[in-house]
Number of protein chains: 2
Amino acid sequence: MHQALTAAVKAAGAEIVPLAHAEAVVWADPAAVGMFRELIDEATAASWVQLPYAGIESLADLLDNDHKWTCGKGVYADACAEWMITGLLAAFRDIPRFARATSWPRQGGRNLLGAKITLLGGGGLAESFLRLIEPWQCDVTVVRRTGEPLPGATRTVTAEQRFAAVGDADAVVVCLALTPETTGIVDRELLAAMPDDCWLLNVGRGLHVRNADLLAALDAATIGGAVLDVTDPEPLPDGHPLWAYDNVLITPHVGNTPEMGLPLLAARVEENVRRWLRGDELLGGVDVDAGY
Amino acid sequence: MHQALTAAVKAAGAEIVPLAHAEAVVWADPAAVGMFRELIDEATAASWVQLPYAGIESLADLLDNDHKWTCGKGVYADACAEWMITGLLAAFRDIPRFARATSWPRQGGRNLLGAKITLLGGGGLAESFLRLIEPWQCDVTVVRRTGEPLPGATRTVTAEQRFAAVGDADAVVVCLALTPETTGIVDRELLAAMPDDCWLLNVGRGLHVRNADLLAALDAATIGGAVLDVTDPEPLPDGHPLWAYDNVLITPHVGNTPEMGLPLLAARVEENVRRWLRGDELLGGVDVDAGY
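Predicted model only: the values in this text are computed from it and were never measured.

(A) Here's a closer look at the overall build of chain A. Of regular secondary structure, chain A possesses 9 helices and 10 strands. With the C-alpha coordinates of chain A rotated into their principal frame, the extents come out at 70 × 45 × 35 Å. Taking all 292 residues of chain A together, the buried fraction comes to 44%. Long-range contacts, defined as pairs at least 24 residues apart, comprise 61% of the intrachain contacts of chain A with a sequence gap of at least 6.

Next comes the structure, spelled out in structure tokens:
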């Protein structure tokens, strides 16, 4: 971690110097709470401190109003958004069928380019997804509680409008937090509203999808298939009916793995150091009074 | 096709009108050469004609200098670039292993976000790839004959520098035309120059890769794996050794399929009609004298 973050700082054009001369500090260990205040106080010339990870609960009480604090907020959403695009491309370009072939398969596949995608959820994952997918010129409908427009979305609608919002989708992606309101949101009625060739992706939680309704839709071929990074239960037990479908791809909760976190944080640090050197606004600013 | 292009024109905000009143014409059938001049002459108010597909050999002699002509030039490279990203994501996010699992697999995968990618080839596919991958903040090295810089590439180097250019790559993607110079470019020496966890992707031609050298590298585990949309021979025969590797994914020459072409052309037509209405420069302009 030390090596990766050192390289990020240097790549951005800054130098690594002794703490007493540092204008900015990159704090790498969220667990080393005991040394935190002492070392920060030693960095008398520093006006900005970059903290690791998205959650800074352990350090929140030790922050002050004399520094600008930033953290890894929003960094990890990119890994999950990458999974969303991986799942869409795997589904659209027939990768599971090709991966299982042991003989030259028939051609197939359709494009994600210009496709109609409906996201259930308008939070951090949706934001990252919209940023990554931007050059692909997709028609993206975001369904979110408030219906408040999301930059980059073709349109944003409220949860009540979800049935219409999936009506001509090539794929529907669940990227919601699990709440009482969203539990089981992918039910018989929503699955029935999707076109027969529409794929369902889930990177939220297993309980967003009613398994029995999904299995019924797969059996009736009223959806195109499913790519599931989360299941109910998890791990999905051996012999579960979802293992049996050619048009179901299950990934073992890998939207974001611990190994993916470090390079993403390093990229954030590099970007923030660049911004710092240019005098631009930093990403992931912490509201000290709010504690996050 | 008529339906898709009509919808594209309307989506861009233009109207479909009788030929005699048209300000612009979208010509959909490259084979209907016999009616071409007669119908174009009938469109006396038209100053722009959009032609289909990238190659317009059959119509080239019938064009004049009284109209602005555009064609589908560059449209289809996007489908192949989409395959390149599909292959990268499939490899990096362990999709073949997950697709073959019938029981909850161990977690795995790494990010394409921020990865080091080396492209062998700096033509239309590389251009499309660079445009689509832009938000992913990859470090992209392009190897091309001339070494002339390509917009969006982190660096561009000459073919002679290819061994250094793959030395720290996470993946090497062949997106070259097949010429005597590029035949067998992925040989023992180039494979040896790649890191042990580097993936090889081929969307060029099967003969770009020396099979025996690739098989040796796979057996010695000196590369991470391979994703091949083209093989030598093609189709790859049953029982070919390449079918036997867990870390090889073969797709049956689907970088761009005929079915993918129409929506891509429709998207181009829509974009060009929008540009036409705004008075902006059109995409895919034909040089009438050069004939392409």
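(B) A look at the relation of the copies chain A and chain B. Least-squares fitting of chain A to chain B yields an RMSD of 0.2 Å, with the transformation described by 0.1 Å of translation along the axis and a rotation of 180 degrees. Read as a symmetry element, the transformation amounts to a two-fold axis. Taking C-alpha positions as reference, the residue of chain A nearest the rotation axis is A:Arg100, located at 3.0 Å. Comparing contact sets, 100% of the residues at the interface of chain A also lie at the interface in chain B, consistent with an isologous, same-surface contact.

(C) View of the interface of chain A and chain B. Taken together, the contact between chain A and chain B spans 48 residues of the former and 48 residues of the latter. In terms of residue class, the side of chain A that touches chain B is made up of 27 nonpolar, 12 polar and 9 charged.

(D) Structural view of the environment of A:Gly74. Residue and element names in this part refer to chain A. Locating Gly74 in the fold gives a position in the loop between β3 (68-70) and α3 (77-92). Remark: the alpha-carbon pair of Gly74 and Leu264, spanning 190 residues in sequence, is separated by 10 Å. If we ignore the near neighbours within four places in the chain, the residues touching Gly74 are Gly124 and Gly284.

(E) Helix α9 (residues 258-278) of chain B, seen in detail. Residue and element names in this part refer to chain B. For α9, built from 21 residues, the straight-helix expectation of 30 Å at 1.5 Å per residue is met to within 8% by its first-to-last C-alpha distance of 31 Å. Among the residues making up α9, those that are buried are Met260, Leu264, Leu265, Ala266, Arg268, Val269, Glu270, Asn272, Val273 and Trp276. Check the buried side of α9 and you find it contacts α1 (2-11), β1 (24-26), β2 (48-50), β3 (68-70) and α3 (77-92). The first or second residue beyond α9 is Gly279, which carries a positive phi of 80 degrees.

(F) A look at the sheet that holds β3(A). Residues and elements named next belong to chain A. With parallel pairing, 3 strands are arranged side by side in an open sheet as β1-β2-β3. Where the open sheet ends on each side, the last strands, each with one partner, are β1 (24-26) and β3. The mean inter-strand angle of the sheet, taken between neighbouring strand axes irrespective of direction, is 10 degrees. In the sheet, strand β2 (residues 48-50) pairs with β3 via 3 bridges, with the strands oriented parallel. Each bridged residue has a counterpart across the sheet, and for Val49 the counterpart in β3 is Trp69.

(G) Geometry of the domain arrangement of chain A. All names here are of chain A. Split into domains, chain A comes out as domain 1 (2-75 + 260-278) and domain 2 (77-250). When each unit is reduced to the centre of its C-alpha atoms, the spacing between domain 1 and domain 2 is 36 Å. Contacts between domain 1 and domain 2 engage 4 residues on the former and 4 residues on the latter. Grouping the constituent residues of the side of domain 1 that touches domain 2 by class yields 3 nonpolar, 1 polar and no charged.

(H) Spotlight on unusual backbone geometry. The amide bond that connects A:Glu234 to the next residue, A:Pro235, takes the cis arrangement and shows omega of -5 degrees. Its location among the elements puts A:Pro235 in the loop between β9 (225-228) and β10 (248-250). Between B:Asp232 and the following residue, B:Pro233, the backbone shows a cis peptide bond with an omega angle of 0 degrees. Structurally, the position occupied by B:Pro233 is in the loop between β9 (225-228) and β10 (248-250). Here A:His253, not a glycine, exhibits a phi torsion of approximately 55 degrees, which is positive. You can see A:His253 is positioned in the loop between β10 and α9 (258-278). For A:His253, a count of 19 C-beta atoms within 10 Å gives the class partly exposed. Although it is not a glycine, B:Asp94 sits at a positive phi angle of roughly 65 degrees. Its place among the elements puts B:Asp94 in the loop between α3 and α4 (95-100).

About the thresholds
Residues numbered from 1 in each chain as written. Chains lettered and ligands numbered in written order. Predicted model: local features only at pLDDT ≥ 70, side-chain atom pairs only at ≥ 80, totals over all residues. Helix = DSSP H or I, 4+ residues; strand = E, 2+ residues; numbered from the N terminus. Buried ≥ 20, exposed ≤ 12 C-beta atoms within 10 Å, placed from the backbone. Contact = placed C-beta atoms within 7 Å. Least-squares fit on C-alpha atoms with pLDDT ≥ 70 in both. Nonpolar A, V, L, I, M, F, W, Y, C, P; charged D, E, K, R; others polar. Expected span 1.5 Å × (residues − 1). Pairing = 2+ DSSP bridges. Axes fitted to C-alpha atoms, helices over the stretch in contact; angles between N-to-C directions. Domains from an automatic or database assignment.

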